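Take a look at the letters that make up each chain.
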Amino acid sequence: ESPYSFTTVDELLADFARRLGKEVDVEKYESLAASVRQAILNKWFDEKTGVVATGSQACQAFALWLGILPEDSRVKAAKHMQEDLVNNDYRITTGNLCTRYLFDILTEYGYIEDAWKLITREEYPSFGYMIEQEATTIWERFELKKHPGMNSHSHPMYGAVGYWFYAYLAGIVPTGPGYETVRIKPYYPEKLLSVTANVATPKGDLTVRWVKRYGQTHLYVTTPFGVRAEIYADGKVHPHGSGSHHFTF
């Protein structure tokens, strides 16, 4: 089961209503979420193949990110997405609407090496291509277009992948209000040697660093006072309170 919580708008509204004690609205939005989900599946999802709509990277990634696909079909759907990426020589077709979901879902379903290859790619279309063209912000399009029509050069929308660096490479995911509880579950691409990330939470700085040295991985986690962390290391979950923690595996 995924440790990360993806949700549709109606499920989010149901959660708001539950927190506010509006039970009638809870039932209303949960029912609406279920009916919308089923309508999408009936029209766009092939359970036998795991293909959503056209089967594009965007269709697969977004449906998986929302968590609307049947659980026994999700691995198949992710595999279809990954194979499409590989068969296209890692040329992404997600545009600026679904690119961020692609990185999350690749990692979530076991394709961290593909995600890393994608983030370090320099050929068009890629973030590396933008950087090579002296980009300092995310463009509206991956092409280097200079005429004024639909060519914003500071237009992240859903094309930005900063969340992926924190939530997956560093593994920092808040699981409670104001970072009262947090999950630390980093991913370790083979060709990446170290990661350092710092989050300024309401309770103070939370820092995660990991580094590979001589066949071992060292994970350092510092959590501020009042924060409880579940730290994933060496295939185990380690519950810890505030302070500095070090794991070697």
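Residues numbered from 1 in each chain as written. Predicted model: local features only at pLDDT ≥ 70, side-chain atom pairs only at ≥ 80, totals over all residues. Heavy atoms only, no water.

### A closer look at the environment of Leu-97
Line of reasoning, step 1. As for its position among the elements, Leu-97 is in the loop between helix H4 (74–87) and helix H5 (99–108).
Line of reasoning, step 2. Of the residues examined, Leu-97 reaches a relative accessible area of 48% and is grouped as partly exposed.
Line of reasoning, step 3. Each C-alpha atom of the pair Leu-97 and Met-157 lies 6.8 Å from the other, and the pair is 60 residues apart in sequence.
Line of reasoning, step 4. Contact partners of Leu-97, with chain neighbours within four places excluded, come to Met-157 and Tyr-158. (Helix = DSSP H or I, 4+ residues; strand = E, 2+ residues; numbered from the N terminus. Buried < 20%, exposed > 50% of the residue type's maximum accessible area, 1.4 Å probe, protein only. Contact = heavy atoms within 4.5 Å.)

### Remarks on the environment of Lys-212
Line of reasoning, step 1. Position of Lys-212 among the secondary structure elements: in strand E6 (residues 204–213).
Line of reasoning, step 2. Not counting residues up to four positions away in its chain, the partners in contact with Lys-212 are Tyr-188, Pro-189, Glu-190, Leu-192, Leu-193 and Thr-217.
Line of reasoning, step 3. Polar contacts involving the side chain of Lys-212 include one to the main-chain carbonyl oxygen of Leu-192, which spans 3.0 Å. (Polar contact = N/O pair within 3.5 Å; in protein donor to acceptor, adjacent residues only side chain to side chain.)

### As for the packing of aromatic side chains
Line of reasoning, step 1. Here the structure, examined in full by the defined rule, presents twelve aromatic pairs.
Line of reasoning, step 2. An angle of 85° between the planes, with centres 6.5 Å apart, marks the rings of Tyr-129 and Trp-139 as edge-to-face. Taken as a pair, Tyr-129 in helix H7 (residues 127–132) and Trp-139 in the loop between H7 and helix H8 (162–169) lie far apart in primary sequence, ten residues in all.
Line of reasoning, step 3. With 5.5 Å between their ring centres and 70° between their planes, Trp-164 and Phe-165 make a pair best called edge-to-face.
Line of reasoning, step 4. An aromatic cluster of three or more residues is present, and its members are Phe-103, Phe-127, Phe-142, Trp-164 and Phe-165.
Line of reasoning, step 5. The ring of Tyr-163 is capped by Arg-100, whose NZ or CZ atom sits 5.0 Å from the centre of that ring. (Phe/Tyr/Trp six-rings, centres within 6.5 Å; stacked < 30°, edge-to-face > 60°. Lys NZ or Arg CZ within 6 Å of the ring centre and 35° of its normal.)

### A look at the state of the cysteines
Line of reasoning, step 1. By the definition in use, this model includes zero disulfides.
Line of reasoning, step 2. Considering cysteine sulfurs only, Cys-59 is the nearest to Cys-98, which forms no disulfide, with 7.7 Å between them. (Disulfide = S-S within 2.5 Å.)

### A word on the sheet that holds strand E10 (residues 243–248)
Line of reasoning, step 1. Taken together, the four strands give an open sheet; going across it, the order is E5-E6-E7-E10, and neighbouring strands pair in antiparallel fashion. Both outer strands of the open sheet, strand E5 (194–201) and E10, are each paired with one neighbouring strand and no more. For this sheet, the mean inter-axis angle between neighbouring strands, taken without regard to orientation, is 10°.
Line of reasoning, step 2. Relative to strand E7 (residues 216–223), E6 runs antiparallel, the two sharing seven bridges. Bridge assignment links Val-211 to a residue of E7, and that residue is His-218. (Pairing = 2+ DSSP bridges. Axes fitted to C-alpha atoms, helices over the stretch in contact; angles between N-to-C directions.)

### Some words on a negative patch on the surface
Line of reasoning, step 1. Taken together, Asp-46, Glu-47, Glu-71 and Asp-72 make up a surface patch of like negative charges.
Line of reasoning, step 2. Inspection of the secondary structure puts Asp-72 in the loop between helix H3 (57–66) and H4. (Patch = residues over 30% accessible without salt bridge, like charges linked within 9 Å, V, L, I, M, F, W, Y side chains within 5 Å. Areas by Shrake-Rupley, 256 points an atom, 1.4 Å probe, with all protein chains shown as cover. Salt bridge = Lys/Arg side-chain N within 4 Å of Asp/Glu carboxyl O. Lys, Arg positive; Asp, Glu negative; His and termini not counted. Charge placed at Lys NZ, Arg CZ, Asp CG, Glu CD.)

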